[in-house]
Amino acid sequence: MARLAVAKTYKLYLGGAFPRSESGRTYQVHDTKGSLMANAALASRKDARNAVVAARSGLAKWAGATPYNRGQVLYRVAEMLESRRADVVELIVRSRGVKAAEARAEVDAAVDRIVHYAGWTDKLSAVFGGANAVSGPYFSYSAPEPTGVVAVAASSASPLLPLVGAVLPVLAGGNTAVVVASQADPTVAVTFAEVLATSDVPAGVVNLLTGDQAEIMPWLASHGDVNGLDLTGVPADQRVALERAAADTVKRVYSPRARSGGGEPDVTAAPGTARLRAFLETKTVWHPVGAVSLAGGSAY
Amino acid sequence: MDLTYAPALESAALAGIKPRYQLFLDGAFVDGGGDDLTSVNPATGETLTTVSTASAADVDRAVAAARRAYDGPWSRMGGAERGKYLFRIARAIAERSRELAVAETLDNGKPIRETRDFDVPTAAQHFFHHAGWADKLGHLGLGPAPRPLGVAGQVIPWNFPLLMAAWKIAPALAAGNTVVLKPAETTPVTALILAEILADADLPPGVVNILPGAGDVGSAIVNHDGVDKVAFTGSTPVGKRIQSELAGTGKKLTLELGGKGANIVFADAAIDQAVEGIVSGIFFNQGQVCCAGSRLLVQESVAEEVVEKLKRRIETLRVGEPLDKNTDVGALNSQMQYDKVTGLVEVGAQEGAGVWTSSCTLPQKGWFVAPTVFTDATASMRVAREEIFGPVLTTLTFRTPEEALAKANNTPYGLSAGVWTEKGSRAMGMAAGLKAGVVWDNTFNKFDPTASFGGYGESGFGREGGTAGMAAYLDTDDEGAF
């Protein structure tokens, strides 16, 4: 007799735990053949607010970690995703109906993208900051700092890479994230959350909501404790209202324009730095340079 | 023995103020379609000059001229040549610096000592610094050849009229953009003298257009379909409105908004130096500075000493005639600002914040406000939370560095902060913990074109100065690559 498989329940990822939606709501996810893949949590406004609380409470530890440490933790994420490669490929094949080679290429690209960002953490200050050659007796420097809590609407262009490609730059900069997964791909997104949960990423640094972006994003866009928005996954016609809501608290908004050539992004292309810079603040610090005589004589 | 200073007046005639100024549009000085405005000398309340203002049609013409200039000579010119124009402008500002300083003092009300020693030389320095970037854009860390955005619409405030124009125009041009700029309604004069300098420098027509007017002109510029980049310096409410209006347009936006900067004095600070820093932090430019150190946070054990020394020092500030070279504190910029500041002082007194005011005598005419300190405020009072934008300091106390940090960061703003301590590790630790775009350790109100300036939170986003300031005028979008 065939063994009965143990199906996984896909839940939210909030503050390091995997709770159901407080609303008790779920939605069904089917594969391309129409079979039920999972009942995913349909996150509510309350879940979104809980996610913001969790992201805020995770911020001090993550932003305060050394860049080297953040890099190591993010590299660990790549290691863990690599070890879950077969699972994720299977989920992508089932949910999208693509060939295994294509799914493998996406997972490989996602792992490589994580490694790319793991290597960014301790270079941001060198590339986007430095000593300022001010015209006076001061030591002045500028350095990037995290913006804070960033709400991300992941694109549904494909199940994994857009999610990873949006979340990793937010984390590399020292921010924490509330991520609303692509509605079509909760199984891949929650599996990625499991990767994060087993990668030494502190609780609250990434909080993943599954469900309807159109329902949840307005609450995040108007939330007073959210500092930034990544609207990549939001259709152009729905962005205006979100950007308007963001203005109430002067949120930083990353809202990339449509690709000039149209079509899907080239997953093999280097991601550039726009996503990193979108959620970094530049802090400039000035210190007086004391009048100490180098010649041992009188001060000059 | 009488130790008062004899008057040392700079001559108002040096400004060569004309009876009337016009728009600078497509390389020519022309009348605008709006009603003339009157610019008033804040120190006397008397009319300084009349200025033509722009209509919506003038905004259309200016944006079209800026687009032609962008498509034509400006974006085709090599960076080195573009830079040479900026170097030329920097030199011309220096050459006309005395005239500009006097004009700025007459139009704005700020002391000649500040316009002469700060506003004008720093404006020249901004052009000189940014000139050098024009042929080095590939070294900004934004790719090998970052592209300009197109036409930049810029709206600037009245507190540093010429300097803000330089902050906005210099990086825009260095990056290869063209400009439509609106100076503040109450301080258009030096921007229009700058227009003469641009014309004399043979800057191609339309590369910079300067359109005086009120808020409606600014609104028409930032909302114009032909504008690709918007930069605004001003109040947080107006900044929020602009961000909201620009939603969905894809225009790149820089906002430099209000602040309520904390100036934190630890018990181990060099107290006399700290007192000087507190004074320059709040009374520089009559406190009409977005990054003013308007919230004094003093460690409890030295609070009494610091406040006493502060009062004694403030008593020696000379308040009055801005053209006098010995004047420390001049006039507020307008009746509106005077009403706002005096209104909030009244609120603070009613809230029981312990108001103390310098005993200086104020001139009979003009919008002068005596330096004021609230010595007994609490964090929930309006004068501890709202930006007053005047010579009014609010004092709070703290016991531990953690409490100082919590109080300093307890604001929706995040523009500036000061830290006074002789302990280097504490200064660095505080600088790291403060949610502010600029932190001054044992100094205050220092600015330089090489050093990025801008806010956290509701103090705005984007930077001016430094490499981050250049990025604000370049197309840095990676087309949403993952």
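If you trace the backbone, A:T187 turns up in helix α7 (residues 186–197). Apart from residues no more than four positions distant in its own chain, A:T187 is found in contact with A:Y10, A:M37, A:A38 and A:L91.

It is worth spelling out the packing of aromatic side chains at this point. All names here are of chain B. Applying the stated criterion to the full structure yields 18 aromatic pairs over all chains. Centre to centre, the rings of F266 and F398 are 5.2 Å apart; their planes meet at 75 degrees, and the pair counts as edge-to-face. Here the residue F266 occupies a position in the loop between β12 (262–265) and α9 (271–283), and F398 occupies one in strand β16 (residues 392–398), the gap between them amounting to 132 residues. Where W440 meets F447, the ring centres are 5.8 Å apart and the plane angle is 75 degrees; that geometry is what we call edge-to-face. Among the aromatic residues, ring-to-ring pairing joins F118, F160, W167, F284, W440, F444, F447 and F453 into one connected group. Here the basic side chain of K229 rests over the ring of Y473, its NZ or CZ set 4.9 Å away from the ring centre. The ring of F266 carries R426 above its face, with NZ or CZ at 4.9 Å from the centroid.

Take the sheet that holds strand β10 (residues 280–288) of chain A next. Read from one edge to the other, the open sheet built from ten strands follows the order β3(A)-β4(A)-β10(A)-β18(B)-β17(B)-β12(B)-β13(B)-β16(B)-β15(B)-β14(B), with strand pairing classed as mixed. Every other strand in the sheet has two partners, leaving β3 (130–132) of chain A together with β14 (355–357) of chain B as the edge strands with one partner each. Within the sheet, the average angular offset between the axes of one strand and its neighbour, ignoring direction, is 20 degrees. Where β10(A) lies against strand β18 (residues 438–441) of chain B, three bridges are found, and the strand directions are parallel. Bridge pairing links A:T284 to B:V438 in β18(B). Where α9(B) meets the sheet, it contacts β12, β13 (295–299), β15 (372–374), β16 and β17 (416–420) of chain B, and its direction lies at approximately 170 degrees from that of β12(B). Sitting on the sheet, helix α14 (residues 424–433) of chain B is in contact with β4 (138–146) and β10 of chain A together with β12, β17 and β18 of chain B, with an inclination near 155 degrees to β10(A).

Attention now goes to the interface of chain A and chain B. Taken together, the contact between chain A and chain B spans 48 residues of the former and 48 residues of the latter. Taken together, the two surfaces of chain A and chain B that pack against each other cover about 3900 Å², and 51% of this comes from carbon and sulfur. Remark: the boundary between chain A and chain B carries one salt bridge. Residues A:E281 and B:R463 are paired through a salt bridge, measuring 3.7 Å at the closest nitrogen-oxygen approach. One can count 21 residue pairs in polar contact (both at pLDDT 80 or more) joining chain A with chain B. Broken down by secondary-structure element, the contributors of at least two residues to the side of chain A that touches chain B are β4, α6 (161–172), α9 (236–247), β9 (252–254), α10 (274–278) and β10 of chain A. The element best represented in the side of chain A that touches chain B is β10(A), accounting for eight residues. In terms of residue class, the side of chain A that touches chain B is made up of 21 nonpolar, 14 polar and 13 charged.

Residues and elements named next belong to chain B. All told, the structure shown has 41 salt bridges over all chains when counted by the stated rule. Linking K18 and E196 is a salt bridge whose minimum nitrogen-to-oxygen distance equals 2.7 Å. One end of the pair, K18, is in the segment before β1 (20–21); the other, E196, is in helix α6 (residues 189–200), and 178 residues separate them in sequence. Its relative accessible area of 38% is what places K18 among the partly exposed residues. Here the residues in one salt-bridge network are K18, R96, E99, E196 and D200, joined through shared partners.

Quick look at the environment of A:V234 now. Residues and elements named next belong to chain A. Counting through the fold element by element, V234 comes out in the loop between β8 (228–230) and α9. Residue V234 is classed as buried on the basis of its relative accessible area of 5%. For the pair V234 and Q213, spaced 21 residues apart in the sequence, the C-alpha separation amounts to 7.6 Å. Not counting chain neighbours up to four residues away, the residues in contact with V234 comprise A153, M217, R239 and L242.

Moving on, we come to the sheet that holds β9(A). Residues and elements named next belong to chain A. Read from one edge of the open sheet, five strands run β7-β6-β5-β8-β9, paired in parallel fashion. Across the chains shown, the open sheet's two edge strands, defined by having one partner strand only, are β7 (206–209) and β9. Pairwise comparison of adjacent strand axes, ignoring direction, gives a mean angle of 15 degrees for this sheet. Note that strand β5 (residues 149–153) and β8 share three bridges and pair parallel. Bridged to V150 within β8 is G228. Strands in contact with helix α1 (residues 45–64) are β5, β6 (176–180) and β7; relative to β6, the strand with the most contacts, it is inclined by about 155 degrees.

In this section: the nonpolar core. Core analysis: the largest hydrophobic core is formed by 115 residues, its most contacted members being B:F127 and B:V265. Counting only domains with at least three residues in this core, you end up with domain 1 (13–257 + 458–475) and domain 2 (262–448) of chain B. For B:F127, the contacting residues outside a window of four places in its chain are B:L86, B:I89, B:A90, B:I93, B:A166, B:I169, B:A170 and B:L194. Within the second largest apolar cluster, 60 residues are counted, among which are A:M80, A:L91, A:I92 and A:A109.

Residues and elements named next belong to chain B. β13 sits mainly inside the fold: five of its five residues count as buried. By the bridge criterion, four bridges tie β12 to β13 in an arrangement that is parallel. Looking at the pairing, N263 lines up with L296 of β13. In this view, the connection linking β12 to its parallel neighbour β13 by way of α9 has right-handed handedness.

Glancing now at the domain arrangement of chain B. By convention, interface size is frequently given as the accessible area that disappears when the constituent parts associate. All names here are of chain B. You can read the domains of chain B as domain 1 (13–257 + 458–475) and domain 2 (262–448). Contacts between domain 1 and domain 2 engage 33 residues on the former and 32 residues on the latter. Approximately 2700 Å² of surface area, both sides summed, lies buried where domain 1 meets domain 2, with 58% of it carried by carbon and sulfur atoms. On the domain 1 side of the interface with domain 2, the three residues burying the most area are P42, W158 and S459, jointly 19% of the side's total. The interface formed by domain 1 and domain 2 includes two salt bridges. The closest approach of N and O atoms between K365 and E46, which form a salt bridge, is 3.1 Å. Per-element tally for the side of domain 1 that touches domain 2: the top contributor is helix α4 (residues 112–131), with seven residues.

How each quantity is defined
Residues numbered from 1 in each chain as written. Chains lettered and ligands numbered in written order. Predicted model: local features only at pLDDT ≥ 70, side-chain atom pairs only at ≥ 80, totals over all residues. Heavy atoms only, no water. Helix = DSSP H or I, 4+ residues; strand = E, 2+ residues; numbered from the N terminus. Contact = heavy atoms within 4.5 Å. Phe/Tyr/Trp six-rings, centres within 6.5 Å; stacked < 30°, edge-to-face > 60°. Lys NZ or Arg CZ within 6 Å of the ring centre and 35° of its normal. Pairing = 2+ DSSP bridges. Axes fitted to C-alpha atoms, helices over the stretch in contact; angles between N-to-C directions. Buried area = accessible area lost by both parts, 1.4 Å probe. Salt bridge = Lys/Arg side-chain N within 4 Å of Asp/Glu carboxyl O. Polar contact = N/O pair within 3.5 Å; in protein donor to acceptor, adjacent residues only side chain to side chain. Nonpolar A, V, L, I, M, F, W, Y, C, P; charged D, E, K, R; others polar. Buried < 20%, exposed > 50% of the residue type's maximum accessible area, 1.4 Å probe, protein only. Core = buried A, V, L, I, M, F, W, Y, C linked by side-chain atoms within 4.5 Å. Domains from an automatic or database assignment. Right-handed = clockwise from strand over helix to strand, strands pointing away.

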